Structure formats: structure tokens, C-alpha cells
Amino acid sequence: MGRLAEWHEAQPLIRSGQIPGAAFPPPPSAQTSGVAGVKIQEADAKALLSAQGLAIPPFEIARTPGEVETVAKRLLESGASQVVVKAQVLVGGRGKAGGVKLASTPEEAREVGSRILGMDIKGITVRKVMVAAALDIEREYYLGAILDRGSRRVVLMSSAEGGVEIEEVARVKPEAIHRVAADPLLGLHPFQARRLALGVGLHDGLLNQFTAIAQGLFTTMMANDADLVEINPLAVVKETVDGQVQERLVCLDAKITLDDSGLARHPQLEALRDLDEELPTDARARKLGINYIHLDGNIGCMVNGAGLAMTTMDLVQHYGGKPANFLDIGGGARHEVVRGAMELIVADPNVHAILVNIFGGITRGDEVASGLIEAHGQQAREVPMVVRIVGTNAEEAARLLKESRFETAVSLDEAAEKAVALAGGKAR
Ligand code: GDP
Ligand code: MN
């Protein structure tokens, strides 16, 4: 063992998987960014894992029962004894929902495919399926990596409770999850990968295979700026090679969430965003270049700057209201953006009042005011609104708003109070 590795072995932080002074990550996925992450489909996740040398059963994507049959025929002819047809939707628990089925002949695959395509899984319509060579599973494990914001490290986890969602394992049997934190500079050490393998009871040949897979999972995470990479199940499969029965570790399911702030560094990954499953409002906000997060209150907020947007939401809450969204139009927004943002707010049927709070720096008050006036002229429904614009070109903005009879406010307190009153008073 090298001196560096020895030194690391000796670090209490890495050894026990505990970061001094900080509680170690409780339920793992609650720690990921969630809002900002871009989920990609299993097939794309598998392609990224395969690019790092991980073992993935051969597969193709099909969009019609006919295509399922063709692909199944090809896989069965090239040696697969069965195929598995899997719904490609960005939610977990597809197996339980009936979205993962085995088939032994092309005809059976077609039949299974026709049942899965068009199926509704957790509110999402299945438009495509993966058809993969099915393997003979002996045991199932879980292996995952998350960007743990608490410890500011990539944490890898293994569990012998494969096939079960890790959140569930964390809840009912937390001791069954083994964790190691990769070093930000030195990465995942082989001894750490082995610790994960030994934790779940793997040894001999499988230990080395597992170690390579854990390293590959970590490289996949780093190479793609992912927030989360999960293989569940990572399966031990039985294969007969030259009359000899062998065991091999294979990734049967894969889930990857990309950090959308990292996407600029990977233009090719942008294409993996599944527009079929993106909410129309999210897609619209992204095109406008604004930050919009839907919430369940009734006061729509339009603000420039994330900090000011949060302050505005706090004040709405303070005066007894509930914000319907977080919306940051960014710096220097033009009137088209303001109009687009207003359309997003009004499209939410829960919105009964709108609060616009603009602190003009780079953003020009008059530009925002014209956007609001334009939007108001074309608005699908009448929603009471109160506008506060201060800073750059505020006088011009005030003049425009007055001409168009907009309700205005000078201070943010006044604006928030008025918005709450316009929405029908205090929230329940
Ligand atoms: P999820 O339910 O959305 O997590 O989908 P998975 O891809 O994990 O599939 C669910 C279950 O289907 C797995 O836990 C396996 O038991 C089973 N499964 C998936 N692929 C195969 C395969 O190639 N062969 C066999 N026999 N079962 C599979
Ligand atoms: Mn799974």
C-alpha cells in the first residue's frame, strides 16, 4: 500500500464514513439537488455507464409493438434466451407498476410491448420501451453515488437489498447501507470500493468485478457532472461459457441525474433531456431563460434576482399569503421575457393575485413596465396585480403604469400586504 493510501486509511473521516461535526447523510436521495437535476432515461444512463466500461446487457429502444418484435427477434437470434421489455419513463418502480416484463419469443415480446406502450405509470404515458437481452439473475444488489451536499463529497453506497428502492432501505433497515465518501482530489480508492463490496458480502472474483464497477460508477459521475448515479439492481447473473457455469456482475437498471449547471460543459448531454416528460411550464421557463418553480399558493410572484425573490416570498408569507411560485426573471430582462413570465404565472389557475417586485439595476423599470402592459393586453384572464418597481428608470415605469391604471406600491411591505388583500386575505 502506498503512503498516501495509508494516510487515508488512518483518516477518521474516511474510515468511519463520518464527517466530523456533521451528521452523515440520512435518506440519500433527499440530499440531491432535486429541483435542478436533469433526469435521463435508463437507456441513456446505460449508454453513459457503458462508455466507462461497465457491463450492460445489449438493448435497443422501440416505439411500437412491431419494433419490439423486430428487436426481440434480433436479440433472441444472437443468443439471448429471453428478452425483457421495459417502459422508459423517468420514474422508479416501473417493475411493480407492470412496466417491466419478460418474453421468450418475438411474438410474446410484441404482445408484452403492446401492453406496456401507452400504459400510464405514475401519471406518465409510456411512449417508448427498452428491449434488452434478459439474464438469469441469482442475486440483486444496490450500488449508487450521490453528490452529498452536507459533506461536500461524492458518497457511494452499496446494499444487499437490491431491487428495493434505497429510500425504503434507508427507512426500514439503515444498517444495510454501506457508505464511503470519495476524496475530492484523489477520487475513490480501491480499498473503499472493496469495503462497499465486502459490506454486501461479495468475495473472490465478484469482489474484483464489483470494485471495477464502483470505480466506473464514480468516473461516470465525474465525467458527466452527475448529481446521482444508481445501479439498482446490480445483479449477479449465471452464464454458461464453454459448458462452464460462471457468475458475473451486470448493471440491469440505471438511473442518472445530471447537474443542469454542469450541462454547459457537456453540450452532447443536453440532447438527453427528455422533452416528452418535461412539464410544459418548465420547458417554457427554460426557453425564456428564467427560473420558475411552481408552488401551491395563490399569489403569483415576479421578481428579479433569486435573493429578492425569496425575500418577496417571505414577506407574502409574513402578511398571511401563500406564494404560487418562485420566479426570477434574471438581470436585464427585456419586455418579451416579462410578458412570457406573466403568461406562465397567469396560466396557473390557482393564482388569484400577482405581485411584481423589481429592483432596477441592469434591469430597466420601464422595460418591465412595458412588458407588464403588453402582457395585460393579451392576458387570458383578469388577475389583480400590484407592481413595485424601484431603481433604474423607475419614474418612467411609474408613469407608464399609471397611464395603464396599474395598482402600484412604494415599499415591499406595502406591495406584499396589497397582494395578500387582492388574493382575498389571509391564507388558511
Ligand atoms: P424499476 O422497477 O423501475 O426499478 O425497474 P428495474 O429495471 O429495476 O426492473 C425491475 C425488476 O425487473 C428488477 O429488479 C429485476 O428483478 C427484473 N429485471 C430487470 N431486468 C431483468 C433481466 O434482465 N432479467 C430478469 N430475469 N429480470 C430482470
Ligand atoms: Mn430498478
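Please refer to the structure higher up on the page.
So, here's what we can say about the structure. (Residues numbered from 1 in each chain as written. Chains lettered and ligands numbered in written order. Predicted model: local features only at pLDDT ≥ 70, side-chain atom pairs only at ≥ 80, totals over all residues. Heavy atoms only, no water.)

**Quick word on the site of ligand 1**
The cut-off we apply is this: The rule for a residue being near a molecule or strand is that one of its heavy atoms must lie within 4 Å of it. Whenever two N or O atoms come within 3.5 Å, that pair is a polar contact, provided that in protein one can donate a hydrogen and the other can accept it, and provided that, for residues adjacent in sequence, both atoms are side-chain atoms. With residues, only the protein chains shown are counted as cover, and all accessible areas are computed by Shrake-Rupley using a 1.4 Å probe. We count a stretch as a helix when DSSP gives it H or I for four or more residues in a row; a strand needs E for two or more, and each element gets its number in order from the N terminus. Throughout this entry, Asp, Glu, Lys and Arg are counted as charged residues, while Ala, Val, Leu, Ile, Met, Phe, Trp, Tyr, Cys and Pro are counted as nonpolar. The remaining residues, Gly among them, count as polar.
Residues in close proximity to ligand 1 total 15 residues, the closest being Lys86, Arg94, Gly95, Glu140 and Asp253. In this structure, a nitrogen atom belonging to ligand 1 sits 3.1 Å away from a main-chain N or O atom of leucine 135. Aspartate 253 places a polar side-chain atom, nitrogen or oxygen, 3.0 Å from an oxygen atom of ligand 1. Against a free-state accessible area of 560 Å², the protein chains account for coverage of 80% of ligand 1. Among the elements of the structure, β3 (83-87), β4 (100-103), β8 (137-148) and β11 (226-241) are those that each provide at least two residues to the shell around ligand 1. A per-class count over the shell around ligand 1 returns eight nonpolar, three polar and four charged.

**Quick notes on the packing of helix α4 (residues 65-77) against helix α5 (residues 106-116)**
Defined as follows: Angular values range over 0 to 180 degrees, each being the angle between N-to-C directions of two axes fitted as lines to C-alpha atoms, with helices fitted over their stretch in contact. Handedness of a crossing is defined here by the sense of rotation of the near helix relative to the far one, left-handed for an anticlockwise turn of less than a right angle and right-handed for a clockwise turn. Note on contacts: a residue pair qualifies if any of its non-hydrogen atoms lie within 4.5 Å across the two residues.
Packing of α4 against α5 leaves a shortest axis separation of 8 Å and a crossing angle of 145°. Handedness of the α4/α5 crossing: right-handed. The segment α4 lies against α5, with Pro65, Gly66, Val68, Glu69, Ala72, Lys73 and Leu76 engaging Pro106, Glu107, Ala109, Arg110, Gly113 and Ser114. Taken together, the residues of the contact of α4 with α5 sort by class into six nonpolar, three polar and four charged.

**Some points on the sheet that holds strand β2 (residues 59-62)**
Which entries qualify depends on this criterion: Strand pairing follows a simple DSSP-based rule, namely that at least 2 bridges must link the two strands.
An order of β2-β7-β3-β4 is seen for the four strands of this open sheet, with the pairing classed as antiparallel. For this open sheet the edge positions go to β2 and β4, each flanked by a neighbour on one side alone. The mean angle between the axes of side-by-side strands here comes to 25°, regardless of whether they run parallel or antiparallel. Where β2 lies against strand β7 (residues 129-133), four bridges are found, and the strand directions are antiparallel. From the neighbouring strand, phenylalanine 59 faces β7, where its bridge partner is alanine 132. Of the strands in this sheet, β2, β3 and β7 are in contact with α4, which crosses β7 at around 15°. Lying over the sheet, α5 contacts β3, β4 and β7, oriented at roughly 165° with respect to β4.

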